[in-house]
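Structural description and commentary
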Amino acid sequence: MSPTEILTAEETELDAVARRARWHILNTVASSKAGHIGGPLSATDLLVALYFRQLRIDPAQPQDPDRDRFILSKGHSAIGLYSVLALRGYFPEEELLSFDHGDSRLQGHPDMLLTPGVDSSTGSLGQGLASGAGMALAAKRLGKDFHTWVMVGDGEIEEGMVWETVISAPRFGLDNLTLIIDLNGLQQYGWPAADTDRFDRSEPMGHVDLEAVFRGFGWNAETVDGHDFDAILATYDKVEQRRGNDGKPTVIIANTTKGHGVSFTSGTYKWHNGVATPEQLDLARGELNVEDSQR
Ligand SMILES: Cc1ncc(C[n+]2csc(CCOP(=O)(O)OP(=O)(O)O)c2C)c(N)n1
Ligand SMILES: [Mg+2]
């Protein structure tokens, strides 16, 4: 496959798209010499399933008022979103190499005024769910049937503003709003711990029954393996089928691994951000089984 060939949703194998997206994440960040790795890699399969099977979108019309919306509230994972947007045909894959350059459309955090396919600017954690609720409420008021999806990190949901929307969304009957929590068990560092060092790297939400909490606030809740495409698609479908029936927003709690898909980045906070060496890139390319031409 040539790097410029546009992949349509119907023609693609999700696993191949995800491997290629993961390669772009590592290779692009290495090329730009700075960027996040672990969060983009944990979110890749969820994003690929959304953009290649679920969202009602047309990459040729990124501003279609009736399109489904997606907000990457964990905006530091921008390169993960850009990789999937490029593969889905919003802009050329080659453009990924401009990532984080001053004059690029692909800034280090998503900019809705610059990048085709980006529905909301994010990066200051905690804000995307509120924006998404606004979009979902607008759809209700305008009589439109588009669906709004938001993805947050598990560290991000320590932000209080997330919970303002968790409380209010059911009261507005926002069954057209779905929140995906990328529960990868790690954030940048971890909780301050008196008895260890400054950062103990414990799970940000490991002590919380998130399903029970969300249900208590009036949400539907689903838990899924965030690296199993069959399970992800079945869960997305369930959400879509339920929409419009019960007035409840839905949370999808996705169990993921930070840095998933590449041996040396998997399961460690140390690859929250970082730049792969040429040797590491070679190793990753082999593990991801991508063609040489994609480098
Ligand atoms: C309001 C705010 N505080 C701090 C940061 C810096 N920051 C960027 S990523 C990150 C950790 C996020 O962890 P998590 O939400 O678990 O994301 P993931 O594991 O998916 O990378 C932090 C603290 C920020 N972007 N915004
Ligand atoms: Mg996390």
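Criteria and cut-off values
Residues numbered from 1 in each chain as written. Chains lettered and ligands numbered in written order. Predicted model: local features only at pLDDT ≥ 70, side-chain atom pairs only at ≥ 80, totals over all residues. UniProt positions renumbered as here; feature names shortened; annotations may be inferred. Pairing = 2+ DSSP bridges. Helix = DSSP H or I, 4+ residues; strand = E, 2+ residues; numbered from the N terminus. Axes fitted to C-alpha atoms, helices over the stretch in contact; angles between N-to-C directions. Contact = placed C-beta atoms within 7 Å. Buried ≥ 20, exposed ≤ 12 C-beta atoms within 10 Å, placed from the backbone. Near = placed C-beta within 6 Å. Nonpolar A, V, L, I, M, F, W, Y, C, P; charged D, E, K, R; others polar.

In the annotation of an unreviewed UniProt entry, the protein chain is listed under the name Transketolase and assigned to Pseudoclavibacter helvolus. Quoted verbatim from the Cofactor (unreviewed entry) field of UniProt, the annotation for the protein chain is "thiamine diphosphate". The UniProt entry for the protein chain carries the following text under Sequence similarities (unreviewed entry): "Belongs to the transketolase family."

Turning our attention to the sheet that holds strand β1 (residues 69-72). Taken together, five strands build an open sheet; the order of strands is β1-β2-β3-β5-β4 and the sheet is parallel. Here the strands that pair on one side only, and so sit at the sheet edges, are β1 and β4 (220-225). Strand-to-strand twist across the sheet, computed as the mean angle between neighbouring axes with direction ignored, equals 20 degrees. The pairing of strand β2 (residues 148-153) with strand β3 (residues 177-183) spans six bridges and is parallel. Looking across to β3, one finds that W149 is bridged to T178. Contacts from helix α7 (residues 229-242) reach β3, β4 and β5 (250-255) within the one sheet, and its direction differs from that of β4 by about 165 degrees.

This paragraph deals with the environment of F52. Mapped onto the elements, F52 comes out in helix α2 (residues 38-54). You can call F52 buried: it has 23 C-beta atoms within 10 Å.

Turning our attention to the pairing of β3. With seven of seven residues buried, β3 is to be regarded as a mostly interior element. Side chains of β3 alternate between two faces, with L177, L179, I181 and L183 and T178, I180 and D182 buried alike. As defined by bridge partners, β3 adjoins β5 across six bridges and the pair is classed as parallel. Looking at the pairing, I180 lines up with I252 of β5.

Attention now goes to the site of ligand 1. The environment of ligand 1 is formed by 21 residues, the closest being G39, G153, G155, E156 and Q187. The element best represented in the shell around ligand 1 is α2, accounting for three residues. Residue composition of the shell around ligand 1, by class: three nonpolar, 13 polar and five charged.

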